[in-house]
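Chain and residue survey
As a plain string of letters, each chain reads:
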Amino acid sequence: NHVFSQEILQNQTNNKNIKTVLMYLGDDELSFPIWDLGSSKQLTLSFDELTTESKDYYYTIIHCNSNWEKSGLDQSEYIEGYFEDQISDYQSSFNTTVNYIHYRLQIPNDYLRPIISGNYILQVYESSNPENTVFQKRFMVVERQTDIGVKVGNMNQGSYFYNDQELEVKVKYLG
């Protein structure tokens, strides 16, 4: 009896010089890395490397199932554009006690775009070699099926006015 288990893909850094790996929506560094399919907003990835020379970093995305295991889909089933691209937005530190290079990437972009919802891993590797993974970061792509609005107000009936609230919930199906 053979039991086959897949690797659960985690946020992971394999290079001790890579610091402050962040992924968030737009410019809000405190937001979760969740992108609405078809939205004009982008996810931002940023990280620092403690070094004085920039490197050729490439990235790709991997579609995962609900357990964060590789889904087994071909890249053409979940990526529009190229399957990998180089990170070209970087700058060196200036007047700092520790030298570093700050890298930044936004997805989706003109070269690579997820086209289905699900859990994803963004994988960053050196010199166009996916076997040399520097780090990987989880993110999600969602496809909104509903829009939910809630309005809270005081009860209009005398004795309930100060103690009870009235909720108005609107659910709009977008599908």
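The preceding data block contains the structure.
Described below are features of the structure shown in this document. (Residues numbered from 1 in each chain as written. Predicted model: local features only at pLDDT ≥ 70, side-chain atom pairs only at ≥ 80, totals over all residues. Heavy atoms only, no water.)

**Observations regarding the overall build of the protein chain**
A tally of helices and strands in the protein chain yields one helix and 14 strands. Projecting the C-alpha coordinates of the protein chain onto the three principal axes gives extents of approximately 70 × 55 × 35 Å. Scored against the burial criterion, the 175 residues of the protein chain give a buried share of 31%. Residue pairs in contact within the protein chain that sit at least 24 positions apart in sequence constitute 65% of those at least 6 positions apart. Roughly 11600 Å² of accessible area belongs to the protein chain as shown, and the carbon and sulfur atoms make up 45% of that amount. Here the protein chain carries 13 positive and 24 negative side-chain charges, and the mean point of each set is 5 Å from the other. (Helix = DSSP H or I, 4+ residues; strand = E, 2+ residues; numbered from the N terminus. Buried < 20%, exposed > 50% of the residue type's maximum accessible area, 1.4 Å probe, protein only. Contact = heavy atoms within 4.5 Å. Areas by Shrake-Rupley, 256 points an atom, 1.4 Å probe, with all protein chains shown as cover. Lys, Arg positive; Asp, Glu negative; His and termini not counted. Charge placed at Lys NZ, Arg CZ, Asp CG, Glu CD.)

**Some details on the packing of aromatic side chains**
The full count for this structure, using the stated rule, is eight aromatic pairs. Ring geometry for F47 and Y103: centres 4.8 Å apart, planes at 10°, overall stacked. Linking F47 in strand β4 (residues 43-49) with Y103 in strand β9 (residues 101-107), this pair joins segments that are 56 residues apart in sequence. Classification of Y103 by relative accessible area gives buried; the value is 0%. Geometrically, the ring pair formed by Y90 and Y103 is tilted, given 5.6 Å between the ring centres and 40° between the ring planes. Of this pair, Y90 sits in strand β8 (residues 89-92) while Y103 sits in strand β9, placing them 13 residues apart in sequence. Taken together, the aromatic side chains of F47, Y57, Y90, Y103 and F135 make up a single cluster linked through ring pairs. (Phe/Tyr/Trp six-rings, centres within 6.5 Å; stacked < 30°, edge-to-face > 60°.)

**Examining the environment of N65**
You can see N65 is positioned in the loop between β5 (57-64) and α1 (75-78). Along the chain, N65 and G118 lie 53 residues apart, while their C-alpha atoms are 7.1 Å from each other. Excluding residues within four positions of it along the chain, N65 makes contact with Q6, S71 and N119.

**Some words on a nonpolar patch on the surface**
On the surface, I148, V150, V152, L167, V169 and V171 cluster together into a nonpolar patch covering about 610 Å² of accessible area. Of all the elements in the fold, those that place two or more residues in the nonpolar patch are β13 (146-154) and β14 (165-173). (Patch = residues over 30% accessible without salt bridge, like charges linked within 9 Å, V, L, I, M, F, W, Y side chains within 5 Å. Salt bridge = Lys/Arg side-chain N within 4 Å of Asp/Glu carboxyl O.)

**Regarding the side chain of D48**
Tracing the backbone through its elements, the reader meets D48 in strand β4. Of the side chains with opposite charge, K19 lies nearest to the buried D48, which makes no salt bridge, at 10 Å. Here the side chain of D48 touches H102 through a polar contact of 2.6 Å, side chain to side chain. (Polar contact = N/O pair within 3.5 Å; in protein donor to acceptor, adjacent residues only side chain to side chain.)

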